[in-house]
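Chain residues, written in single-letter form:
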Amino acid sequence: MNSEDFFIKLEMQIRSGNPFVAYRNPNDKNGLTRALLQDSDKTYQTSSYEESGFVFAPFENPKSALFVPSESAESITTEYSPTTSAIEKQEEQHFPPGLTNTESKIQHEELVQQGIEAIQQDEFKKVVLSRKEDVQTQLNAVEIFKNLLKKYETAFVYYWFHPETGTWLGATPETLLNVERNKFKTMSLAGTQAFAGTSNVNWGEKEIEEQQIVTDSILENLQDKVSGKIYKSEPYTTKAGNLLHLQTDIQGILDLEKSNLKSLILALHPTPAVCGLPKIKAQRFILKSEGYKREFYSGFLGEMNMKKEVKRSSNRRNQENQAYASVLKHTSLFVNLRCMKLEADTASLFIGGGITKDSNPADEWEETVNKSHTIKSVLVK
């Protein structure tokens, strides 16, 4: 389908009021953008995570998540690879006015200080604290989605609508989980600094420690779910928009007698990169102290048990092998970061950062400002 027809179909789905999701996977060289258009306004939920479709789960209670089922939705695709030059020139210069004022700065720094004091009192090792910022925009959701597609080639970019949730859009750099057959991949992502023209940067002790805490926690949570050794890379610097992060890749083989997709998801979510350690104590502090409801920010989303055809041989002369192409299921889930909830002409942005014993409230505020610039740049023409 050509891109014009693709976006016309999205507009028609919006007018129908039925749920849908449009998305592009990271580093897709063909710019292949997909959509699942549900054929009714029925609300589907999953608690078993055995169904096939696209799942959209909240931060607080992922045991019952919304999803668009494959069998009740029209699937469409297009190759959309627009030029990025115009928006790249604007991204560092033009940001809509928001609520990054003295009052919100004081509130966030006080919240961070509370987190530091709780860590000093041994309530937990790390906590991820966030704030919400409302920004006015003249763009509609489709225009914002196109800007996200233009700007974030290495991120998972999405546009979700459901009568139960409203409209959400985002471009997240963080994978929660990839599963194909019994192989899984995940990542540890933590530490942030502004991109200043090079990825060859030095990281401070605070960022290195934070990233190691996240990595160690993921490895511990996966120990009883895997068969054999878990493999991890050395930490490396990765770029997402105008920000740099520390990343460690983690992969292994699932023990299918001990675990399933649901148990694996619940073992990982919420990750220390969006919640903290220990998980339950950090989450309890977040829900009590942040002063707003995260909803689907720092939840997860993506393809769940989607069918994928794999052929045994690419040799056209080997017709017998071609006939025995296999169909397998794959799951590809992402943490819902760098996201917004859009209501009329107001985009609610969600921005956070990891707090450890070495955190500085003023620095943490600046980190949220840098992160807000990343997503604000798609709210202008």
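Cut-offs applied
- Residues numbered from 1 in each chain as written.
- Predicted model: local features only at pLDDT ≥ 70, side-chain atom pairs only at ≥ 80, totals over all residues.
- Heavy atoms only, no water.
- Helix = DSSP H or I, 4+ residues; strand = E, 2+ residues; numbered from the N terminus.
- Buried < 20%, exposed > 50% of the residue type's maximum accessible area, 1.4 Å probe, protein only.
- Contact = heavy atoms within 4.5 Å.
- Polar contact = N/O pair within 3.5 Å; in protein donor to acceptor, adjacent residues only side chain to side chain.
- Salt bridge = Lys/Arg side-chain N within 4 Å of Asp/Glu carboxyl O.
- Axes fitted to C-alpha atoms, helices over the stretch in contact; angles between N-to-C directions.
- Parallel < 35°, antiparallel > 145°, perpendicular 65-115°, else oblique.
- Left-handed = near helix turned anticlockwise from the far one by under 90°.
- Nonpolar A, V, L, I, M, F, W, Y, C, P; charged D, E, K, R; others polar.
- Disulfide = S-S within 2.5 Å.
- Arc of directions from axis to C-beta.
- Expected span 1.5 Å × (residues − 1).
- Pairing = 2+ DSSP bridges.
- pLDDT = per-residue confidence, 0-100.

Attention now moves to the side chain of serine 217. Its place among the elements puts serine 217 in helix 5 (residues 205-222). Taking relative accessible area as the criterion, serine 217 reaches 5% and is therefore assigned buried.

If you trace the backbone, glutamate 295 turns up in the loop between helix 7 (279-289) and strand 16 (300-310). Sequence separation between glutamate 295 and threonine 192 is 103 residues, and the spatial gap between their C-alpha atoms is 23 Å. Not counting residues within four places of it along the chain, the set of residues in contact with glutamate 295 comprises Pro58, Phe59, Trp168 and Lys341. There is a polar contact of 3.0 Å between the side chain of glutamate 295 and the side chain of lysine 341.

This structure, assessed with the given rule, holds 13 salt bridges. Two residues, glutamate 133 and arginine 131, come together in a salt bridge whose shortest N-O distance is 3.0 Å. Residue lysine 341 pairs with glutamate 295 through a salt bridge whose shortest N-O separation is 3.0 Å. Separated by 46 residues along the polypeptide, lysine 341 in strand 18 (residues 339-343) and glutamate 295 in the loop between helix 7 and strand 16 bring together distant segments of the chain. Connected through shared salt-bridge partners, Lys126, Lys206, Glu210 and Glu364 make up one network.

This part is about the packing of helix 3 (residues 102-120) against helix 9 (residues 361-376). The axes of two packed helices give the description: the angle between them and the distance between them. Between helix 3 and helix 9, the shortest axis-to-axis distance is 9 Å and the interhelical angle comes to 125°. When the axes of helix 3 and helix 9 are compared, the pair comes out oblique. Of the two elements, helix 3 crosses helix 9, and the hand of that crossing is right-handed. On the side of helix 3, the interface is formed by Ser104, Lys105, His108, Glu109, Val112, Gln113 and Ile116, while helix 9 contributes Pro361, Ala362, Glu364, Trp365 and Thr368. For the contact of helix 3 with helix 9, the class distribution of residues is five nonpolar, four polar and three charged.

Take the side chain of asparagine 18 next. Checked against the element boundaries, asparagine 18 lands in the loop between helix 1 (3-16) and strand 1 (20-24). Not counting residues up to four positions away in its chain, the partners in contact with asparagine 18 are Gln13, Gln38, Asp39, Ser40, Asp41 and Phe161.

Our next topic: the state of the cysteines. Per the counting criterion, the structure on display carries zero disulfides. No disulfide involves cysteine 275; its nearest neighbouring cysteine sulfur is the one of cysteine 339, lying 16 Å away.

Attention now moves to helix 6 (residues 261-268). Of the residues making up helix 6, those classed as buried are Leu261, Leu264, Ile265, Ala267 and Leu268. Down the axis of helix 6, the buried side of the element spans an arc of 160°, and every buried residue falls inside it. Where helix 6 begins, one side-chain oxygen reaches toward the backbone nitrogen of lysine 262, 3.2 Å away; that side chain belongs to asparagine 260.

The next thing to look at is helix 1. Helical geometry: 3.6 residues make up each α-helical turn, so side chains three or four residues apart lie on a common side. With 14 residues, helix 1 should cover 20 Å at 1.5 Å per step; its first-to-last C-alpha distance of 20 Å lies within 8% of that length. Turning to helix 1, its buried residues number three or more, namely Phe6, Phe7, Leu10 and Gln13. Considered in projection along helix 1, the buried side chains sweep an arc of 110° and stay on one side of the axis. Exposed and oriented more than 90 degrees from the buried face of helix 1 are Glu4 and Arg15. Buried positions along helix 1 lie against strand 1, strand 2 (32-38), strand 6 (73-79), helix 4 (141-151) and strand 8 (156-162). The N-capping residue of helix 1, defined by a side-chain oxygen 3.2 Å from the backbone nitrogen of glutamate 4, is asparagine 2. Of the residues trailing helix 1, glycine 17 is marked for its positive phi of about 80°.

Let us now look at the sheet that holds strand 15 (residues 276-277). Within a sheet, each strand pairs with its neighbour through backbone hydrogen bonds, oriented either parallel or antiparallel. The strand order across the open sheet formed by nine strands is 6-2-1-8-9-18-19-7-15, and the pairing between neighbours is antiparallel. Strands with a single pairing partner mark the edges of an open sheet, and in this sheet they are strand 6 and strand 15. Relative to strand 18, strand 9 (residues 166-172) is paired through four bridges, and the arrangement is antiparallel. If you follow glycine 170 over to strand 18, its bridge partner there is cysteine 339. In the packing of helix 7 onto the sheet, the strands contacted are strand 7 (126-136) and strand 15, and the crossing angle to strand 7 comes to about 35°.

Scored by pLDDT, the chain comes out at a mean of 88, with 90% of its residues at no less than 70. For the stretch residues 84-99, pLDDT sits under 50, and the model shows 29 contacts to residues farther than four places along the chain or on other chains.

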